[in-house]
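Here are the chains, one letter per residue:
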Amino acid sequence: MFDKLNKEYDFLKTPVTKAKFCVVDVETTGLSALKNRIIEIGIVKISQMKITDKFHSFINPRTSIPAFITSLTGISDEDVADAPSFDDIVFKVRDFISDNLIVGHNLSFDIGFLNHEFLLSGVEPPANHQICTLKLSRNLFPDLKSKSLNSVSSHLRIRNKSAHRALADAETTAKIFLKIAKKIKTDNKSLLISDLINLQNVNQVKSQVLARKPKLENDLLSVPNNPGIYFFLNSKNEIIYVGKAKSLRERVKSYFTLNASRKAKKIINQAARVKVEVTNTELTALLTEAEAIKIINPKYNSFLKDYGSKYFIVVNKNKTFSDLAISNNFNFDGNDYFGLFLSRRKAAKLVEIINKTFQLRECSDKEFEKGKACFLHEIERCTAPCINNDNQKYSFELERVYDFLYGKNQFALNRMLIKMKEFSARQRYEKAAEVKQTVDSILSHINKSALLSEPVNRARVLFRIEGKFENDFILMIDGKIYIKKYSLSSGDKFETAINDYYEGVISRTNFPDEEDLEKMKISLNWLARNRERVKAFYLRDYKSKDELFSALSKNDFGTNDYYQGVYDVKELTRILS
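Residues numbered from 1 in each chain as written. Predicted model: local features only at pLDDT ≥ 70, side-chain atom pairs only at ≥ 80, totals over all residues. Heavy atoms only, no water.

### Focus on helix α18 (residues 391-405)
If you check α18, its first and last C-alpha atoms are 21 Å apart, about what 15 residues at 1.5 Å a residue would give, namely 21 Å. A side-chain oxygen of the first residue of α18 lies 3.3 Å from the backbone nitrogen of Gln392; this N-cap is Asp390. At the exit of α18 stands Gly407, carrying a positive phi of roughly 95 degrees. (Helix = DSSP H or I, 4+ residues; strand = E, 2+ residues; numbered from the N terminus. Expected span 1.5 Å × (residues − 1). Polar contact = N/O pair within 3.5 Å; in protein donor to acceptor, adjacent residues only side chain to side chain.)

Okay, here's the thing in structure tokens:
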């Protein structure tokens with residue numbers, strides 16, 4: 001007995017750098033481990049903080065795969081028809097995992113299915129120690145809205161080329177695990193297995209004692225559980241850091257935890273006081289933080305000191321047959337501007353989806369004027385207006401593109417699913433796989449799609465954002481941004497802008513400046529991610545300010561026809577639990 005306890009103690013005190021891990025991911029026919037079966041398994045082995053080996057197999061579940069699972073994963077009945085059943089590979093799986101520590105994202109899902117498959121095969125399930133990167137992420141990234149595999153990997157800048165496939169997801173989880181382990185490794189001692197296991201439980205993280213800074217400790221006690229911005233001040237009463245939070249209390253407390261980042265520890269070492277400013281929602285906290293950092297220029301703020309990049313997708317309406325372009329300029333030149341995008345890459349990705357889904361011309365004006373159909377017409381990616389001058393057909397495609405840019409994705413999704421099925425029926429599987437990648441891109445784009453149903457350079461809209469105690473109101477008129485009761489604004493510009501609109505005093509001589517475009521970028525991206533808390537009121541729909549305000553006063557959040565989202569199976573399990 002004592003030998004077993006000593007062995008257990010030695011194992012838990014093993015430095016992570018010397019331990020071996022097996023990162024597991026499974027794809028399944030459904031959510032229930034008791035009723036559904038595994039169709040694919042991927043395992044990645046880590047030794048000395050490096051990926052050293054991989055195991056992958058399709059698995060015949062001996063039942064049909066539901067259509068929505070095939071749509072999500074790309075795994076069909078044909079893929080698993082000749083695959084081994086789980087009991088054919090159970091010993092391979094057991095031997096590969098061996099006595100290594102098991103890691104997974106939302107690991108309880110994978111382990112539930114694995115254990116059930118082991119039992120059905122008449123083999124005792126592995127009783128290895130386990131680490132869940134989802135649980136670690138909840139502790140380490142409290143401000144991250146979603147802790148799904150996709151969200152955490154994006155946050156850590158890890159690319160997953162084949163999401164919803166077992167080996168790719170296992171590799172992504174392995175990279176997340178390695179980055180997390182490096183993040184929480186302390187400077188004065190090795191990170192032990194026991195440290196990782198304990199850190200899965202948020203309650204294990206204890207605050208440090210601040211006996212030498214009683215004022216700072218007293219400030220902490222008064223920090224509310226509201227969204228807002230916080231300021232760390234040094235002994236000279238100078239602001240050394242500005243931050244924002246959905247929960248000020250949780251965010252500020254995180255600076256005093258044992259696993260706080262090196263930068264956070266530097267801030268705390270110099271901080272004498274912490275002050276907070278409460279906002280109605282996280283959005284106004286984001287906007288206030290971005291502007292305050294530029295005004296104050298705090299010592300420890302690295303980002304938001306300058307105005308970041310901004311990109312738009314431009315529909316060139318000044319051409320007979322409009323095409324698309326990407327621009328970092330905002331204008332009122334008769335063209336329609338969509339965005340704002342955080343990078344050229346993000347804008348280019350959306351243009352790529354549009355080009356593969358709709359049939360607009362992609363050629364230069366010089367090529368167009370030659371009047372010769374190109375290869376894109378042959379593969380049905382262009383209506384070839386250069387030779388047929390068919391404005392009606394082209395206008396139909398352009399209208400569908402506008403719908404897509406307004407966030408209406410169903411037509412695009414249906415068109416590509418039909419095309420994918422046609423290629424599959426003709427046994428052109430490589431082409432079907434290419435189309436499926438576009439379908440995946442559309443599905444990925446759905447939750448990021450624009451909330452506006454007008455181009456940004458023509459939008460005149462008031463957003464009402466649901467707050468815990470009070471709502472926020474943000475007005476966007478021709479690129480100018482006005483925020484109700486904004487702490488960094490002199491005078492009530494919000495009310496004045498609405499009065500001017502309904503009195504016909506709108507003028508484009510008041511061109512949006514860099515601060516407006518920054519607010520637009522932050523607002524539109526946040527609003528698209530949090531659309532269930534947002535309602536848009538287009539000024540054109542109301543005859544007067546009183547009629548608009550009457551509509552604003554109604555408590556009707558959630559009445560918009562929002563897309564409910566597409567989640568992977570494990571994410572659904574987490575949400576439902």
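Here the narrative resumes, following the displayed structure.
### So, the packing of helix α14 (residues 344-357) against α18
Following both chains from N to C, one finds α14 and α18 inclined at 140 degrees, their axes separated by 11 Å at the closest point. Taken as axis vectors, α14 and α18 run oblique relative to one another. Crossing of α14 over α18 shows right-handed handedness. Touching Leu350, Ile353 and Ile354 of α14 are Val401, Phe404 and Leu405, all from α18. In the contact of α14 with α18, the residues fall into six nonpolar, no polar and no charged. (Axes fitted to C-alpha atoms, helices over the stretch in contact; angles between N-to-C directions. Parallel < 35°, antiparallel > 145°, perpendicular 65-115°, else oblique. Left-handed = near helix turned anticlockwise from the far one by under 90°. Contact = heavy atoms within 4.5 Å. Nonpolar A, V, L, I, M, F, W, Y, C, P; charged D, E, K, R; others polar.)

### A few points about unusual backbone geometry
For the peptide bond that leads from Gly339 to Leu340, omega is 0 degrees, which places it in the cis range. Within the fold, Leu340 resides in strand β11 (residues 336-341). Look at Leu304: it is not a glycine, yet its phi comes out positive at around 70 degrees. Within the secondary structure layout, Leu304 lies in the loop between α13 (282-296) and β9 (311-315). Residue classification places Leu304 among the partly exposed residues on the basis of a relative accessible area of 31%. We note that Asp478 has phi near 50 degrees; this positive angle belongs to a residue other than glycine. Here Asp478 shows up in the loop between β13 (472-477) and β14 (480-483). Under the relative-accessibility criterion, Asp478 is labelled buried at 5%. (Buried < 20%, exposed > 50% of the residue type's maximum accessible area, 1.4 Å probe, protein only.)

### Regarding the packing of aromatic side chains
By the definition in use, this model includes 25 aromatic pairs. Relative to Tyr241, the ring of Tyr230 lies with its centre 6.3 Å away and its plane at 40 degrees, an arrangement referred to as tilted. Of this pair, Tyr230 sits in strand β6 (residues 228-233) while Tyr241 sits in strand β7 (residues 239-245), placing them 11 residues apart in sequence. A relative accessible area of 1% places Tyr230 in the buried class. Assessed through its relative accessible area of 12%, Tyr241 is described here as buried. Between Tyr501 and Tyr502, the aromatic rings sit 4.8 Å apart at their centres with planes inclined by 90 degrees, giving edge-to-face as the arrangement. In this structure Tyr501 comes out as buried when scored by relative accessible area, which is 17%. (Phe/Tyr/Trp six-rings, centres within 6.5 Å; stacked < 30°, edge-to-face > 60°.)

### A look at the sheet that holds β14
Sheet architecture is open: four strands sit in the order β14-β13-β12-β15, paired in antiparallel fashion. The open sheet has two edge strands, β14 and β15 (534-538), and neither has a second partner. Strand-to-strand, the axes of this sheet are offset by a mean angle of 20 degrees, without reference to chain direction. Relative to β15, strand β12 (residues 460-465) is paired through five bridges, and the arrangement is antiparallel. Looking across to β15, one finds that Leu462 is bridged to Phe537. The strands that helix α21 (residues 493-502) touches are β12, β13 and β14; relative to β13, the one it contacts most, it runs at about 45 degrees. Set on the sheet, helix α22 (residues 514-529) makes contact with β12, β13, β14 and β15; between it and β14 the angle comes to about 70 degrees. (Pairing = 2+ DSSP bridges.)

### A short note on the confidence of the model for the protein
The pLDDT averaged across the protein works out to 85; a share of 89% of its residues lies at or above 70. Contacts of residues 1-6 to residues separated by more than four positions or lying in other chains number zero contacts, the stretch itself having pLDDT below 50. Across residues 203-212, confidence stays below pLDDT 50; counting only partners more than four residues off in sequence or on other chains, it has 17 contacts. (pLDDT = per-residue confidence, 0-100.)

### Quick notes on the nonpolar core
Ile313, Leu350, Ile354, Phe404 and Leu405 are the most contacted members of the largest nonpolar core, which totals 32 residues. Going through the elements one at a time, β9, β11, α14, α18, α19 (410-425) and α20 (429-446) are the ones with two or more residues in this core. The greatest single-element share of this core, amounting to six residues, is contributed by α18. Leave out the neighbours within four places in its chain, and Leu405 touches Ile313, Val315, Phe338, Leu350, Ile354 and Ala450. (Core = buried A, V, L, I, M, F, W, Y, C linked by side-chain atoms within 4.5 Å.)

### Let's talk about the pattern of salt bridges
For the coordinates displayed, the defined rule picks out 29 salt bridges. Asp219 is the partner of Arg273 in a salt bridge, and the nearest nitrogen-oxygen pair spans 2.6 Å. Taken together, the residues Arg273 in strand β8 (residues 273-278) and Asp219 in helix α10 (residues 214-221) connect sequence positions 54 residues apart. Beyond isolated ion pairs, a larger network of salt bridges with shared partners links Lys319, Asp323, Arg361 and Asp365. (Salt bridge = Lys/Arg side-chain N within 4 Å of Asp/Glu carboxyl O.)

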